[in-house]
Amino acid sequence: MSRLLVTGGAGFIGSNFVRYVVENTDHEVTVLDKLTYAGNESSLKGLPEARVRLVRGDIADAALVDELFAKTDAVVHYAAESHNDNSLHDPRPFLDTNIVGTYVLLEAARRHGTRLHHISTDEVYGDLELDDPSRFTESTPYNPSSPYSSTKAGSDLLVRAWVRSFGVRATISNCSNNYGPYQHVEKFIPRQITNVLRGIRPKLYGAGENVRDWIHADDHSSAVLTILDKGELGETYLIGADGEKNNKQVVELILELMGASSGDYDLVTDRAGHDMRYAIDSSKLRTDLGWAPAFPDFAEGLTATIQWYRDNEAWWAPAKDATERFYAARGQ
Ligand code: NAD
Ligand code: DAU
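Residues numbered from 1 in each chain as written. Chains lettered and ligands numbered in written order. Predicted model: local features only at pLDDT ≥ 70, side-chain atom pairs only at ≥ 80, totals over all residues. Heavy atoms only, no water.

How would you explain the site of ligand 2 if you had to name every residue and give the values?
Around ligand 2, the structure places 25 residues, and the nearest of them are Thr121, Asp122, Tyr148, Arg271 and His274. Asn84 places a polar side-chain atom, nitrogen or oxygen, 2.9 Å from an oxygen atom of ligand 2. Tallied by class, residues from the shell around ligand 2 come to seven nonpolar, ten polar and eight charged. (Near = heavy atom within 4 Å. Polar contact = N/O pair within 3.5 Å; in protein donor to acceptor, adjacent residues only side chain to side chain. Nonpolar A, V, L, I, M, F, W, Y, C, P; charged D, E, K, R; others polar.)

Give a detailed account of the site of ligand 1, specifying residues and quantitative values.
If you check the shell around ligand 1, you find 28 residues, and the closest are Ile13, Asp33, Ser82, Tyr148 and Lys152. A distance of 2.8 Å separates an oxygen atom of ligand 1 from a polar atom in the backbone of Ile13. Within the side chain of Thr97, an N or O atom sits 3.0 Å from a nitrogen atom of ligand 1. Secondary-structure elements contributing two or more residues to the shell around ligand 1 are helix H1 (12–24), strand S5 (115–121) and helix H5 (147–166). For the shell around ligand 1, the leading source of residues is S5, giving three residues. (Helix = DSSP H or I, 4+ residues; strand = E, 2+ residues; numbered from the N terminus.)

I'd love a proper account of the packing of aromatic side chains, names of residues and values included.
A complete count under the given rule lists 14 aromatic pairs for this structure. Note on Phe136 and Tyr278: the rings are 6.5 Å apart at their centroids and 40° apart in plane angle, and the pair reads as tilted. Of this pair, Phe136 sits in the loop between S5 and H5 while Tyr278 is found in the loop between strand S13 (266–268) and helix H9 (283–289), placing the two residues 142 residues apart along the sequence. Summarising the burial analysis for this pair, Phe136 and Tyr278 share the class buried. Aromatic pair Phe188 and Trp214: ring centres 6.4 Å apart, planes at 25°, arrangement stacked. Pair noted here: Phe188 is in helix H6 (residues 188–198) and Trp214 is in the loop between strand S9 (211–213) and strand S10 (215–216), with a separation of 26 residues, a long-range link. Members of the aromatic cluster, connected to one another through ring pairs, are Tyr125, Phe136, Tyr142 and Tyr278. In this structure, Arg110 packs its charged tip against the face of Phe166, placed 3.6 Å from the ring centre. Its end group placed over the ring of Tyr237, Lys284 keeps NZ or CZ at 4.8 Å from the ring centre. (Phe/Tyr/Trp six-rings, centres within 6.5 Å; stacked < 30°, edge-to-face > 60°. Buried < 20%, exposed > 50% of the residue type's maximum accessible area, 1.4 Å probe, protein only. Lys NZ or Arg CZ within 6 Å of the ring centre and 35° of its normal.)

Quick one: what's the story with the nonpolar core, residue by residue and with numbers?
Among the nonpolar cores identified, the biggest contains 33 residues, and Phe17, Val18, Tyr78, Ile239 and Leu285 are the most heavily contacted of them. At the level of secondary structure, the elements contributing two or more residues to this core comprise strand S1 (3–7), H1, strand S2 (28–33), strand S4 (74–77), helix H7 (217–230), strand S11 (236–239) and H9. The residues contacting Leu285, other than those within four sequence positions of it, are Ala223, Ile227, Tyr237, Leu238, Ile239, Gly290 and Trp291. (Core = buried A, V, L, I, M, F, W, Y, C linked by side-chain atoms within 4.5 Å. Contact = heavy atoms within 4.5 Å.)

Break down the pairing of S5 for me, citing the residues and quoting the values.
By the criterion of burial, S5 is predominantly enclosed, with seven of the seven residues buried. The side-chain alternation of S5 yields two buried faces, one formed by Arg115, His117, Ile119 and Thr121 and the other by Leu116, His118 and Ser120. Pairing of S4 with S5, which is carried by four bridges, proceeds in the parallel orientation. Across the sheet, Ala74 pairs through a bridge with Arg115, a residue of S5. Sheet topology note: the S5/strand S6 (residues 170–175) ladder contains six bridges and is parallel. Directly across from Ser120, in S6, lies its bridge partner Asn174. After leaving S5, the chain enters H5 and then returns to the sheet as S6, a path that is right-handed. (Pairing = 2+ DSSP bridges. Right-handed = clockwise from strand over helix to strand, strands pointing away.)

Lay out the sheet that holds S5 with the relevant residues and their values.
As summarised here, the arrangement of the seven strands in space is S3-S2-S1-S4-S5-S6-S11, forming an open sheet in which the pairing is parallel. Both outer strands of the open sheet, strand S3 (52–56) and S11, are each paired with one neighbouring strand and no more. Here the strands of the sheet are splayed against their neighbours by 20° on average, with no regard to which way each runs. In the packing of H5 onto the sheet, contacts are made with S5, S6 and S11, and the angle to S5 comes to roughly 155°. Packed on one face of the sheet, H7 meets S1, S4, S5, S6 and S11 and runs near 145° to S5. (Axes fitted to C-alpha atoms, helices over the stretch in contact; angles between N-to-C directions.)

Describe the packing of helix H10 (residues 298–311) against helix H11 (residues 313–328), naming the residues involved and giving the relevant values.
At their nearest, the axes of H10 and H11 sit 6 Å apart, and the two run at 80° to each other. Relative to H11, H10 is oriented roughly perpendicular. Note on element contacts: H11 touches H10 through Glu313, Trp315 and Trp316, opposite Trp308, Tyr309, Arg310 and Asp311. For the contact of H10 with H11, a count of residues per class yields four nonpolar, no polar and three charged. (Parallel < 35°, antiparallel > 145°, perpendicular 65-115°, else oblique.)

So, H5: which residues are in play, and what are the values?
End to end, H5 covers 28 Å across 20 residues, agreeing with the expected 28 Å (1.5 Å per residue, within 8%). Within the sequence span of H5, burial applies to Tyr148, Ser149, Thr151, Lys152, Ala153, Gly154, Ser155, Asp156, Val159 and Trp162. Considering only its buried residues, H5 is in contact with helix H3 (84–89), helix H4 (92–112), S5 and S6. Where H5 begins, the side chain of Ser146 points an oxygen toward the backbone nitrogen of Tyr148, at a separation of 3.3 Å. Note on H5: the residue one or two positions beyond its end, Gly167, has a positive phi of about 70°. (Expected span 1.5 Å × (residues − 1).)

Here it is, written out as structure tokens:
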């Protein structure tokens, strides 16, 4: 049994990882989460109190972080400002959390000799053209486009520097777009599902041709646990499940699965600097560590996700109106 500290464990993917750890290991988990607009205590509801405890706090609070690292065997670092559209509106919190927060964790890992796994994104590699047959690999040069992805890229480079300069025992993973339950309604898939549930037409940015490489959040969690157990220190692993789809295809599938006409959506103002395509080659993780996704069928995963939003309106409704006001003010 190990004691894990999970930063951002009340967010979408962090809470999925905490549930996954409780179900598949005997580790004890402390969640460190600031409970920003994106964090939700109820995403951890029902988990055994003897195994999971929540500490409300900021990863940039060095004294709190130091106290928690003293009682921890390993840290999995999910906490971040995570939404591209917000980063175009107000970049500052992205620098404070993604850059300074990660720095504070690295300094604590250095002092305590703690094993750290840093969660990052495929967006650090920039984007690919639609007709480019290549996919991102661990050796693709960094080329981030947005304030969000540039701060994630910065955090990855800090981790690499702390490994090389100070011998911090860290690994990094860069994952593609996640979907599943407990995702904030600001993000593409839950926004469109909850729009249909509210009788609002789904909104596609630009022409809807941008491609994302979708992976179920459970598969992201199993990959992270695999890297924590078997990953080589100092290494980076790309996580993906070969799920490339353009946004139009995703919206049409949501409409079809929800019993609406597949043309019932609006094209709206495009995102500034909108990345065209992400695609992950996860061969290293599969070959070196023996990982494989358990949810390769996107339509099946999406059907279950739609059902979850139907069944859990009390979880998402409080954020829906403010989110739609934010988008409406931008013509989106
Ligand atoms: P999210 O926005 O749903 O959750 C982020 C969590 O971090 C929230 O609970 C929030 O309260 C917490 N947090 C924010 N600032 C904090 C701070 N200063 N101190 C402590 N807690 C803080 O994000 P997510 O989609 O679950 O993403 C989690 C991580 O995974 C991020 O690092 C993101 O870059 C990465 N990632 C996300 C995706 C995706 O598709 N969502 C894909 C690849 C990587
Ligand atoms: O690739 C990994 C990244 O995936 C993570 O690092 C980010 O944290 C996560 O938010 C996600 O970033 P994206 O910008 O790709 O996700 P988002 O859900 O915001 O948008 C997905 C695609 O859908 C993107 O091409 C923009 C488009 N979109 C989004 C919204 C909210 C629409 O067409 N309409 C919408 O209403």
